[in-house]
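# Report on the structure
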Amino acid sequence: MLRRTPLFEQHQALGARLVDFGGWEMPVQYTSILQEHAAVRQAAGLFDVSHMGVFEVAGADAEAALQALVPNNIARLRDGAGLYTQLCQEDGGVIDDLLIFRWHEARYWLIVNAGNRAVDFEWVQQHLQAYEAQLTSLADHTAILALQGPQAVMLLEQLLQTLALQSETAPQHLSAFHLTEVSGDTPFVVSRSGYTGEDGFELYVPYDHVVQLWQTLLRLGAESGLVPVGLGARDTLRLEAAMPLYGHELSREISPLEAGLAWSVKLGTAEDPQPDFVGKAALVAQKAVPLPRRRIGFAMPESRRAPREGYRLFMGDTEVGVVTSGSLSPTLGYPIGMGYLNAPYYDQETPIHLEIRGQRYPVERVSLPFYRRKS
């Protein structure tokens, strides 16, 4: 039986088309993917992402435990700050990617992907056995709303004013990858990040309050262009922003180095050694030699044939890679995609072709991201 978020009836009332997404019955669209995508780029969109997992790691060894678990540098975080990182296997493959926020040195939040909630919890739980730290899942009573787009700051400020809520840090002053608490009759936690390429916030809300916040935000934002947005536009938005999706650009067979995420992997140097973490030795060894493959971006400005996951990439008659994500870009107006090129072809300038149903089409290799919002 599919699981449902506390907003399931709200999605039904709005006429959403519901689909099975990782065991959850979730809205893929309410009106059209193109309209919802454009709303986020031009005004604002409201997403129900309550299927994602929220874990808390607390205890005297919380910082040390997480530092030894993930490749990014947890020790650099100050109270209220967060970062992007991964859970890696010993061979460097990715179990999941996630956000980690620090409340204080003995309390952290982990925000994980919906499809990996159970696997992630077990992985972290096993790792914590050697430390004085406890793992708790908050997911079964914490809903998550994502408010994304140019109007997000204004709308969140309106929400707080309308419900007479007080935020420790005002939305306009909350830095990216930071969180703050909101107090009042409907308390919740706010973080500032996102998965769309736009400015925005996540609201971590107790189940009892999420319907009220959802309805109030949609009412307040109606004149500003705020619309509910489903998973369809969420995927096209993140693709334009070149954000990796687990199961596509990331997997147990793909390392963060291959995925172009070296900026989030702190291996250290002789002058600046970094603590050991699960998978570090494998990633150090991988960095010392040419990578077996690399994530790339490509565009097809002269075509209307959208690339799809699993389509093959060629140089001449040689198969050199595979597509992991692709779609017609609503913002750019032509097909774009991400994929992997195998060594040694990722350093070659030979033209690349994409095979679609037996026919091959030229693609242009481009720098990522495809879309970058104006500051």
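Residues numbered from 1 in each chain as written. Predicted model: local features only at pLDDT ≥ 70, side-chain atom pairs only at ≥ 80, totals over all residues. Heavy atoms only, no water.

### Comments concerning the nonpolar core
- Membership of the largest hydrophobic core comes to 30 residues, with the highest contact counts inside it found for Leu145, Leu159, Phe188 and Leu203.
- Among the secondary structure elements, those contributing two or more residues to this core are strand S3 (44-48), strand S9 (142-148), helix H5 (152-162), strand S12 (188-191), strand S13 (200-206) and helix H6 (207-221).
- Excluding anything up to four places from it in sequence, Leu159 contacts Phe188, Leu203, Leu213, Thr216, Leu217 and Leu220.
- One finds Tyr84, Cys88, Leu138 and Ala146 within the second-largest nonpolar core, a separate group that totals 28 residues. (Core = buried A, V, L, I, M, F, W, Y, C linked by side-chain atoms within 4.5 Å. Buried < 20%, exposed > 50% of the residue type's maximum accessible area, 1.4 Å probe, protein only. Helix = DSSP H or I, 4+ residues; strand = E, 2+ residues; numbered from the N terminus. Contact = heavy atoms within 4.5 Å.)

### Side note on the layout of surface pockets
- Each pocket or cavity is described by its volume, and for the second largest pocket that value is around 210 Å³.
- In terms of lining residues, the second largest pocket is bounded by 17 residues, among which Trp109, Glu181, Phe188, Val189 and Tyr204 are the most central.
- Of all the secondary-structure elements, those providing two or more residues to the lining of the second largest pocket are strand S7 (107-112), strand S11 (179-183), S12 and S13.
- For the lining of the second largest pocket, the per-class residue count stands at ten nonpolar, four polar and three charged. (1 Å grid on protein atoms, 1.4 Å probe; cavity = no way out; pocket = protein on both sides within 12 Å on 5 of 7 lines; lining within 4 Å. Points joined across faces, edges and corners; volume = space filled by probe spheres on them. Nonpolar A, V, L, I, M, F, W, Y, C, P; charged D, E, K, R; others polar.)

### Thoughts on the packing of H5 against H6
- One way to put it is that H5 packs onto H6 with a least axis distance of 10 Å and a crossing angle of 120°. Judged by the twist between their axes, the crossing of H5 over H6 is right-handed. For the pair formed by H5 and H6, the contact residues are Leu155, Gln158, Leu159 and Thr162 on the first element and Leu213, Thr216, Leu217, Arg219, Leu220 and Gly221 on the second.
- Among the residues forming the contact of H5 with H6, the class breakdown is five nonpolar, four polar and one charged. (Axes fitted to C-alpha atoms, helices over the stretch in contact; angles between N-to-C directions. Left-handed = near helix turned anticlockwise from the far one by under 90°.)

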